[in-house]
Amino acid sequence: MKISSTSSRAAGTRKKVLRRAVVAAIAMASAVLLAACSSTGGSSGTRTISVWTWYGNQGMPNNTPLAAEFEKSHPDVKVNIRTFGSTTDYAPALAAAVAAGKTPDIFGPSFSAISYGQKGVALDVKKALGSDFLSQFFQADNDQFSSGGKQYGIGWNAQSFGLFYDPAVLAKIGIQPPQTWDDLIADAPKIRAAGYIPLTVPSSPSYGLADFVGPLITQASNDPTLLLKIDSQEDGKSWKDPAVVAALDKFQQLVKGGVFDSGLLAVTYSSAEQLLTTGKTAFLWDGSWVPADLKASSPNFKYDVAPNPAWKAGAKHWTGDQAGASLSVSATSADMKDTLDFIKFIYQKDRYSSTLNAAQAMPATEAAAADVADPHVKTMTSWLVDGLGAPHILYGAGSESGLSDVCVAIVEGKTTPVDAAASIQAAVDKAKSK
Amino acid sequence: MSAASQNLARRSVRGRLAGHTPGGRVAGYAFLIALALVSVGPLVWMVLTSLKPASAVFNGPLVPQHPQLNAYAYVIGNLGIGSYFLNSVIVTSITVIGVIVASSLAGYAFAFLPIPGKRVVFGVLMSALLIPAALFLIPAFIELRTLGLLNTQLGLALVHTGAGVPFAIFLMRSFFENIPTELRDAARMDGAREVTIFLRVALPLSLPGVATVAIFQVLFTWNDLMLSNGLIQDRSIQTLQPALYTLVGEHASNWPALTAALTIAAAPVIIFFVAVQRLFVAGLLAGSVKG
Amino acid sequence: MPSTRRIIARRPTREFLPGILFVLPAVILFIAFVGYPLVSSLYYSLFSWAGYGVPEFIGFDNFVNLTQDPNFQSAVVVTVVYTVATTILQTIVPMLVAILFMQKWRAGALLRTMIFIPSVISLTITGLLWQLVLQPDGGLLEVLLNRVGLGGLSRPWLADSTSVVPVLIIVSLWQSLGFFLVIYYAGLQGIDPELYEAARVDGASGFRLMRYITIPSLRSVTTLVISLNLINGLKVFDLIYAMTAGGPGTASQSLGVYLYKLAFGSENGASAAFGYADAIGVVMMIAAAILFLVVSALRRGRRA
C-alpha cells in the first residue's frame, strides 16, 4: 500500500508539472512565433539587391562600406551583402537558391560561370555592360568567362602565384630565391640541412596541386593557349600532349628531389601560411591572396615574394593567372537596373582601387593595377601586366579532378608521368560521357 | 527499479573484471581517467589556444602564461553575436516544441492504437533517417519558397521539425511501450477518452522520454549548419552556426580567432548538456533502451 | 490484444480514428517538409540536371554510369571500410567501458560526463578541431609527442593515403564513445539483478557472467547501437569533409562527400551534377534500407 500511495502522490505532482510545462510551452511557442513572424517583415517601398560571395578577406566582407556608400547615393535601394566563410558553406546555399530560381542579383560563380550563362542563370555582361566597361579587365579574366561571343562573369580579384619567403630565413640558409625549378632542386639539400622545408604548396584539398602543375604545362610549351585547348579538348589537343607529360615529369623531379615536406598532401591553405610565418619552410608557393591573409593573421610578419621559378634559365616566369574571385549577375534579377548600377559603382576606378587596397587584395582591372598600394601585391600584379599569366583554372568536365588525382598519385610514387597523362585523358573521356 | 536493486545489479555485474584486486582498481582508474582526459583534452587545448596571443600559438607553452580575451572580443565584436544567439534559441525552441508535440502523439499511437498500415507508415517515417542531408537541401528550399516560408525562422524550424520527427517517434514509441498496459486498461474502464489517457496517464509517465527527445533535438537543431545556411538568407535572422562558420573561413590561419569561434559555437551545447545530463540518463534509463 | 482485434472487426473506422488523428501532425509535417521534397528530388536521379536549367530525362543512365565510375567505386570502398570499422569499434568499445563503469568508481559520474562531452559538439566543429590537433606543425598531438620524447612518432597523419581513413575512424570513436557509453550504461542498469544471482548460484562469475548474462541482456540496446552506427557510417559526410575534404586525392572520399561535391559542384571543374548525385543518394538509401532490414531480421531471428 505504501508503494501505491507514493505513486499516486507522484502522479499528482507530475500532473502539476505537466500542466505547468504545457502552459509554459504554449507561452513560449506563441512568443517565439511572434518573434519569428515579426523578424521577417519585408521593407516596403525600397528595392533590395543581394550580393553573395565568400570574398571576406578579398575586399567584400559582410560589413563592406560599399553597401552603405551605394545606399547613400541610391536612397531607395537596400544592398544585402552576404559573405560566406568559404565555398564549403557558400556552394550549397547558392545551389539551393539557383535551383529554386531565387539567384542572388550578384554572386560569385565559382567554376560555373559559363555553364550558368548557357543555362540562363548568369547574365551576358558583354551585352549588359558593354565592351568598353569590360575592356578595363585583364584579358585572361575576360576570356575565362567567355563563350560563343558572350561573357558571363567579371573578375573581382585577379590572381598570380609566386614564392613567398622570409628574407631572414634565406640569409640564414645562405640562398637566393631560385630562378628555375632545377635551382630549387639543387638548393633543396642545403635548405633541408638547415632544418627547413624547401617548398610548401597548399595541397589539401588536392586541387591546390592542379593549380601548381597547370602553369608548368605553359612553361613546358611556352604557349599560354595550349592548356586552354587541352582543357576544352579543341584543336586535337589532349591531356596526352608532350607538354603535359613534361610538366608532370618536372613535378615528379621536384617530388623525388626532396623539395616537398613528407606531409605535403595534408597541407591546407591555412597551414601552408603558418609554415611560412612560423619559420618552418623556406618557400611558400601560393597565390596573391596571401598578403591579405597574412595581414589578418600575422600583421607583424616580414616577408617578400619572388616570381614562379622558370622552366630553364632565361625562360619566362609563367605563373597562373585568371580570376579566382569573380562576380556574375543574375539573368533573372528583379531589379536589373540597380544591380548593374551597383556593379558599375563598385568598379569606379578610385572606389575599386581603394576597396582592394584596404584589403591588400589584387585588382582584376589594368587601371587599378597601377594604384596597388601593398608592395607584394604590386609585385605580383606586375607579372600579369608583363604578360606572364598562364591559365590554371580548369573548366572541362573531369579536368580539374583528373589532374589533381594524378598529382596525388605522383606524390605517392604510384604512377609515371606518361601513365598519369593518359589517365587524366581517360578521366576526361569518362566525365564527358556522363 | 529501487535503489537497493540497482545497487545489487551494480555489484552483480562487477564480477572479477578489474575491480577486486587493488592492482585492478588502480589500472581501472588509470584507464578511465586517461579516457576522460583524451575526451576533453582537445577541447581544453582549443580553449587554451583561444586565450593566447597569435604570436605565441606555436612557440609558447601549452598553457598561456598571460591568458587574454582579445580573440573573443574580436570575434564577438566582428560578429554581433547576440542576435545570432537569440535566433538560434528561437529556431531551436520552435523545433523542439513541434517535435515533442508531434512525436509524442504519434509515438503513443504507434505504441498502442490501431492504425491502418501501421508497419508501413512507421517504416516510411524511419526511412527518413537514411537521407543524406545534401540531397535534401535543394528540394526543401523549393518547398519553402512555394509555401512562402523561405527565409523565415518558422520555415527553417518546420523543416527541422519534419526531419527530426522520425527519430523522436522512434524514441517516444519505446518509452510508451514500457508503460504497463494495466494502467491504460484501468483508465479505459473508467471510460476515459484516448486523448485523456494520453495526457493524464501516458505522457506524465513518459516525461523522461520527452526530456530525452528534447535534448536530442536541441543538439541536432543547434548544431545544424547546412539547412540554416541554405534556407535563411537575411543575416538579421540567421542562426549562430552559419555566422560562426563565416568567421572560421575568414580566419582559418588566425588560430586564436578560429579557436575562439569554435569555442563559442561549442560552449552552449556543452553547458546545456552538463546542465540537463541527469534528465538525459534518467530518460534513457526509463525506457528507450530497454527496447 | 485479442480484445482489440475483436473491436476492430466490429467498428473499424471509429476504432482507427484516434490512431489516425494522433499520427496526423507528425505525418503532415513529415510529408510536407521531408517526404514530398525528398521524393521530388530523388525523381531527378532519372535526369541529367545540374541543379539549374532544364532537366533532361535520361532513364537509368546515371545508374549505369555509376557502375563505371572509379570515383564512385573508391567512395564505396571508403564508406564500407569506415562503416564496418566504426560500427564494430563503436559497438564494442562503449559496451566494455560501460560494463567497467558499473563498478563503483569515485567520481564515476564526472568521468562519464567528461567522456560524453565530445558527442554534443557538431561534427563540423569536431572535424575542424581535429584538423588542428593533427597538424604536423604546432598541432596538439605533435606538441605532446615532442614533450614526452616521442617526437619521432609524429606523422602527417592526414597526408598519407594509408593512414587517413584509420585516423578518421579513431576521431569518430572519440566523438561518439560517450554517447553510446551512456546508452549502454542505461541499458545495464535495466538488467534484472536476479539473473546474476541465479547464475552465481550456478557457480558462474567474471567473464562468464558477462558472456552469458550481461551481453545477451543488452541485445536490444546493441541492436539500437549497431543500427545508429550503420546509418551514421553510410551517411558520413561532415566529419570527413571538415578534416580532409575527401583527400589526399580521393583516399578518404566517402559516398556522402562525393555526393556533396557532385550536388553542389563545389570542386568539380565543370558544372554540378545534381541528377547524378541523386542517383548516388538512391543507391545509399537502398543500401541503408537493406542493412536495416537485415539487422532487424537478425534481431527477430535471434529472439525466436
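Cut-offs and rules
- Starting afresh in each chain, residues are numbered from 1 along the sequence in its written order.
- Chains carry letters from A onward and ligands carry numbers from 1 onward, assigned in written order.
- The predicted origin of the model limits local features to residues at a pLDDT of at least 70 and limits the giving and counting of side-chain atom pairs to 80 or more, whereas totals for whole chains, interfaces and linings rest on all residues.
- Processing note: side-chain calculations cover all non-hydrogen atoms of the structure and skip hydrogens and water entirely.
- Here, any two strands with at least 2 DSSP bridges between them count as paired.
- Helix and strand assignments follow DSSP, with helices taken as H or I runs no shorter than four residues and strands as E runs no shorter than two, numbered in order from the N terminus.
- The contact criterion used is simple: two residues touch if any of their non-hydrogen atoms lie within 4.5 Å.
- Note on geometry: axes are lines fitted to C-alpha atoms, helical ones only across the stretch in contact, with angles between N-to-C directions running from 0 to 180 degrees.
- The salt bridge definition used is simple: a Lys or Arg side-chain nitrogen within 4 Å of an Asp or Glu carboxyl oxygen.
- Here a polar contact is recorded for every N or O atom pair within 3.5 Å, except that within protein the pair must consist of a potential hydrogen donor and a potential acceptor, and residues adjacent in sequence are included only if both atoms are side-chain atoms.
- Ten residue types, Ala, Val, Leu, Ile, Met, Phe, Trp, Tyr, Cys and Pro, are classed as nonpolar, four, Asp, Glu, Lys and Arg, as charged, and the remainder, Gly among them, as polar.
- Multiply 1.5 Å by the residue count of a helix minus one, and that product is the helix's expected span.
- Only protein chains enter the accessibility calculation, which uses a 1.4 Å probe; a residue is then buried when its area is under 20% of its type maximum, exposed when over 50%, and partly exposed in between.
- For classification, angles of less than 35 degrees are called roughly parallel, those exceeding 145 degrees roughly antiparallel, those between 65 and 115 degrees roughly perpendicular, and all remaining angles oblique.
- Note on convention: the crossing is left-handed when the near helix lies turned anticlockwise from the far helix by less than a right angle, right-handed when the turn is clockwise.
- Patch definition: residues above 30% relative accessible area lacking any salt bridge, with like charges linked at up to 9 Å and the nonpolar side chains Val, Leu, Ile, Met, Phe, Trp and Tyr linked at up to 5 Å.
- Accessible areas in this description were obtained via Shrake-Rupley with a 1.4 Å probe; residue shielding takes into account the shown protein chains only.

1. Brief notes about the sheet that holds strand E12 (residues 325-329) of chain A
All names here are of chain A.
Next, step 1: On the basis of which strands lie adjacent, the open sheet formed by 5 strands has the order E2-E1-E3-E12-E6 and mixed pairing. Because the sheet does not close on itself, it has two edges, and the strands there are strand E2 (77-83) and strand E6 (154-157).
Next, step 2: Across 2 bridges, the pairing between strand E3 (residues 106-107) and E12 is antiparallel. By the bridge assignment for E12, Ile106 is matched with Val329.
Next, step 3: Along the sheet, helix H2 (residues 65-73) contacts strand E1 (47-53), E2 and E6; its crossing angle with E2, the most-contacted strand, is approximately 170°.

2. Notes on the interface of chain A and chain C
Next, step 1: Opposite the 38 residues of chain A that make contact, chain C presents 33 residues.
Next, step 2: Summed over the shared surface of chain A and chain C, the result is 0 salt bridges.
Next, step 3: Linking chain A with chain C are 5 residue pairs in polar contact (both at pLDDT 80 or more), by the criterion used here.
Next, step 4: Listing elements by their share of the side of chain A that touches chain C, those giving two or more residues are helix H3 (87-99), helix H4 (113-118), helix H12 (269-277) and helix H18 (399-411) of chain A.
Next, step 5: Per element, the largest residue contribution to the side of chain A that touches chain C is 7 residues, and it comes from H3(A).
Next, step 6: Tallied by class, the residues present in the side of chain A that touches chain C amount to 17 nonpolar, 13 polar and 8 charged.

3. Things to note about helix H8 (residues 164-189) of chain C
Next, step 1: End to end, H8(C) covers 38 Å across 26 residues, agreeing with the expected 38 Å (1.5 Å per residue, within 8%).
Next, step 2: Here H8(C) lies mainly inside the structure; 24 of its 26 residues are buried.

4. Some details on the packing of helix H11 (residues 242-256) of chain A against helix H19 (residues 417-432) of chain A
All names here are of chain A.
Next, step 1: Two numbers describe how H11 lies on H19: the axes approach to 8 Å, and their chain directions differ by 125°. If you check the angle between H11 and H19, you find them oblique. Remark: the crossing between H11 and H19 carries right-handed chirality. From H11, Val244, Val245, Leu248, Asp249 and Gln252 reach across to H19, where they touch Pro417, Val418, Ala420, Ala421 and Ile424.

5. Thoughts on a nonpolar patch on the surface
Residues and elements named next belong to chain C.
Next, step 1: On the surface, a cluster of nonpolar side chains totalling about 430 Å² of accessible area is made up of Leu17, Ile20, Leu21, Leu24 and Ile28.
Next, step 2: Relative to the assigned elements, Leu24 resides in helix H2 (residues 12-42).
Next, step 3: Under the relative-accessibility criterion, Leu24 is labelled partly exposed at 36%.

6. Things to note about the packing of helix H5 (residues 125-134) of chain A against helix H14 (residues 336-346) of chain A
Residues and elements named next belong to chain A.
Next, step 1: Following both chains from N to C, one finds H5 and H14 inclined at 15°, their axes separated by 11 Å at the closest point. Relative to H14, H5 is oriented roughly parallel. The element H5 and its partner H14 pack so that their crossing is right-handed. Packed against H5, whose contacting residues are Ala128, Leu129 and Phe133, the element H14 presents Leu340, Ile343 and Lys344 at the interface.
Next, step 2: The class makeup of the residues in the contact of H5 with H14 is 5 nonpolar, no polar and 1 charged.

7. Structural notes on the pattern of salt bridges
Next, step 1: Here the structure, examined in full by the defined rule, presents 12 salt bridges over all chains.
Next, step 2: Asp341(A) is paired through a salt bridge with Lys337(A); the nearest N and O atoms lie 3.0 Å apart. One end of the pair, Asp341(A), and the other, Lys337(A), are both in helix H14, 4 residues apart, so they sit about a helical turn from each other.
Next, step 3: Residue Arg184(B) is joined to Glu194(B) by a salt bridge in which the shortest nitrogen-to-oxygen separation is 3.3 Å. Here Glu194(B) lies in helix H9 (residues 194-205) and Arg184(B) lies in helix H8 (residues 181-189), a separation of 10 residues in the sequence.
Next, step 4: Exposure remark for Arg184(B): the relative accessible area of 6% places this residue in the buried category.
Next, step 5: Accessibility expressed as a relative area gives 11% for Glu194(B), which makes it buried.
Next, step 6: Taken together, the salt bridges that share partners define one network made up of Arg47(A), Asp76(A), Asp335(A) and Asp338(A).

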